[in-house]
Amino acid sequence: MKKTIFALAVTSVLAACSSTPPETTSAPVAEKTAAAPAHAPMAAEQPAVKPMLYPPKGVGGALGERSIYYDFDKYAIRDQYKPVVDAHGAFLLSHPASKVILQGNCDERGSREYNLGLGQRRADSVRKVLAAKGVKDSQMETISFGKEKPRNPGHNEKAWAENRRTDIVYQGE
Amino acid sequence: MKNSVLRCLAAFLFLTALSSRAEITLEIVTEGSHQIPIAVLPFANDGAGDKAISPIVSADLVRSGLFSAVDTSDVNPAPADIEGVHWDVWHERHADYVVVGNVVQLPNGHLEARFRLLDATNQMARVNQAFEGSPEQYRMIAHHIADAIFESITGDKGMFSTRIAYITKQGNVRSLKVADSDGFNEQAMLTTSEPIISPRWSPDGKRMAYVTFELRRPMVVVQTLATGARKIVANFKGSNSAPAWSPDGRQLAVVLTKDGHSQIYLINADGSGPPRRLLSSGGIDTEPVFSPDGQTLYFTSDRDGGPQIYRVALNSPDAPQRLTFGSTYAVSPRLSPDGKLLTYVQRDEGEFHVMLMDLATGQTQAMTNTSLDESPTFAPNGKYILYSTEMQGRGILAIVSTDGRIRQKLTTHTGDVYEPVWGPLQ
């Protein structure tokens, strides 16, 4: 398990760096294609029913929502988003194999480090509600991107409102 | 192992990124202050065109906002010493000071530039000094000469030979860059598609600590500038960020979420040993910075509601003192090198301004009229504050003198530039 994580980590570094020197892009790609055939037949041999790992595409209602939005410098979940957290809590409880990463984000105003802390609080606030509903710790991971990955690159109230959020991202989706 | 991968990639990027052109452009506005007229004469045997040392010296002094350049373009031949100076000309042009110099090529191929700073009033030399460097270092030789002139006349250390670091972003490509303080000799230390934040020079200027998301979550890395070698020094569960060097360069205060929300810990700068928690609060504690004597920590915390700036004596960590009261949002504290001034960012009526506080009196003043200021950092002589802000939808760098009279803008050709940090005196 540890080894897998390490391999992933290294690939991500290579991928991250390879955008600059084009010469290095070939290596990780080659590794990937070489590795692929080893796994493909295994998957083909086991067409067994797999547990659903994430809500199906196009599902409506609160379960179809994946983002919780916040006021400036706040991490409390507003009433209108409680049904969203509840719906995902219910899904996670009934699908113990599924896992989520809760990604906290902030708008571009203020300090990058404080926003990193605030994004963490936003992600943690969702995690706490889910945990209180009985969702296992092992099903949840939190990360903050602070203000570093804005969904809307604008510099106005609309963009800021869109960027102050926690995203519920299902693994494998 | 992880570190060795990072190391070789970083070294490669470092070598490919060498460039001697100015990538950021300077624009200077000086507001209503008297400037000292100085005539920097062409140096005898100086380099040709943009390799000439004396025009760089003159440009540096003008850039400080404290000097105005007296026209010397008609001086021919250039006097190498005080004997050849036509004092009547410089009196007529109202020069308070005259600089003469000459450049010689040493047997080892290096350049030696000797200069004299002359006081025009009594026609005497104040400084007689020489700097040596390789021919490629002609700009740095000029910056050292300008530093010596600046210090002799103003009594403050010059900062022309210092370097700045900042982050650029074009599309999804982020680079951590180091450049001379005039924007020349820009070099990329790291280029990645993931966020980079919070670069911090080690006190000796040889290493840089920063936060990178390359491994998908924030970790603190220390990179040696000369070799490009990198080492992950904080990679605990959760988020690792906000490095601050202790004054002796041996330790880093960092912000970790390994025990829950963002709290401040102390680690060894080489990443060895376990982290030691410095403070405990129910809120976000972040952006630590040490006082120059290393005894006090300044930091941002929302323990009382919104973020405010606090300080705490490290020998009594349970009694922090709140310093900011003027706003519901005060962040990013940085101290002047003498520890007497505090700069930070405050939110007022929806706008974020760089602030300056005199720690002895508690008096504060807003230093800018832009609205999205971030990351203020003092020049190593304490006379200027470098910060990032937004102009026409793009991130740019700006400088304001601590007396508020001199303003400079540093812009890139495209994309955003942010998280500036001024390096130490060399």
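As a reminder, the structure under discussion sits directly above these lines.
Residues numbered from 1 in each chain as written. Chains lettered and ligands numbered in written order. Predicted model: local features only at pLDDT ≥ 70, side-chain atom pairs only at ≥ 80, totals over all residues.

Visitor: Whenever I open this one, the overall build of chain A confuses me. Can you help?
Guide: Helix and strand counts for chain A stand at six helices and four strands. When the helices and strands of chain A are placed in sequence order, the string is α-α-α-β-α-β-α-β-α-β. Looking at chain A residue by residue over its 173 residues, the buried ones come to 33%. Within chain A, contacts between residues at least 6 apart in sequence are counted, and of these 72% link residues at least 24 apart. (Helix = DSSP H or I, 4+ residues; strand = E, 2+ residues; numbered from the N terminus. Buried ≥ 20, exposed ≤ 12 C-beta atoms within 10 Å, placed from the backbone. Contact = placed C-beta atoms within 7 Å.)

Visitor: What's the story with the overall build of chain B in this structure? I'm lost.
Guide: Regarding its fold elements, chain B presents four helices and 30 strands. For chain B, the C-alpha radius of gyration of 23 Å lies close to 22 Å, the compact-globule estimate for 426 residues. Dimensions of chain B along its principal axes, counting C-alpha atoms only, are 70 × 50 × 40 Å. Counting across all 426 residues of chain B, residues that qualify as buried make up 50%. For chain B, the share of sequence-separated contacts (at least 6 apart) that also reach a separation of at least 24 residues comes to 46%. (Rg over C-alpha atoms; globule rule 2.2 N^0.38 Å.)

Visitor: Help me understand the packing of helix H2 (residues 53-63) of chain B against helix H4 (residues 138-154) of chain B in this model?
Guide: In a packed pair of helices, the relevant descriptors are the angle between the two axes and the axis-to-axis distance. Residues and elements named next belong to chain B. Put simply, H2 and H4 touch, their axes get as near as 8 Å, and they point 45 degrees apart. In terms of orientation, H2 lies oblique with respect to H4. The hand of the H2/H4 crossing is right-handed. Contact with H2, carried on its side by Ile53, Ile56, Val57, Asp60 and Leu61, involves Tyr138, Arg139, Ile141, Ala142, His143, Ile145, Ala146, Ile149 and Phe150 of H4 and no other residues of that element. Looking at the contact of H2 with H4 residue by residue, the classes come out as eleven nonpolar, one polar and two charged. (Axes fitted to C-alpha atoms, helices over the stretch in contact; angles between N-to-C directions. Parallel < 35°, antiparallel > 145°, perpendicular 65-115°, else oblique. Left-handed = near helix turned anticlockwise from the far one by under 90°. Nonpolar A, V, L, I, M, F, W, Y, C, P; charged D, E, K, R; others polar.)

Visitor: Mind showing me how you'd approach the sheet that holds strand E6 (residues 124-133) of chain B here?
Guide: Hydrogen bonds along the backbone pair up the strands of a sheet, which may run parallel or antiparallel. Residues and elements named next belong to chain B. Taken together, the five strands give an open sheet; going across it, the order is E3-E2-E4-E5-E6, and neighbouring strands pair in mixed fashion. Among the strands making up the open sheet, the edge pair consists of strand E3 (67-69) and E6. Sheet twist, expressed as the average angle between the axes of neighbouring strands with direction ignored, equals 25 degrees. Bridge count between strand E5 (residues 111-119) and E6: nine bridges; the pairing is antiparallel. Looking at E6, one finds that Arg116 is bridged to Asn128. Strands strand E2 (36-40), E3, strand E4 (97-105) and E5 of the sheet are contacted by H2, whose axis makes an angle of about 140 degrees with E3. (Pairing = 2+ DSSP bridges.)

Visitor: Help me understand the pairing of strand E2 (residues 100-105) of chain A, please; the structure alone is not making it clear to me.
Guide: The side chains of a regular strand alternate, first on one face of the sheet and then on the other. All names here are of chain A. By the criterion of burial, E2 is predominantly enclosed, with five of the six residues buried. Running through helix H5 (residues 112-132), the crossover from E2 to the neighbouring parallel element strand E3 (residues 140-146) is right-handed. Here six bridges tie E2 to strand E4 (residues 165-170), and the two strands are oriented antiparallel to one another. Residue pairing in the sheet places Val100 in a bridge with Tyr170 of E4. (Right-handed = clockwise from strand over helix to strand, strands pointing away.)

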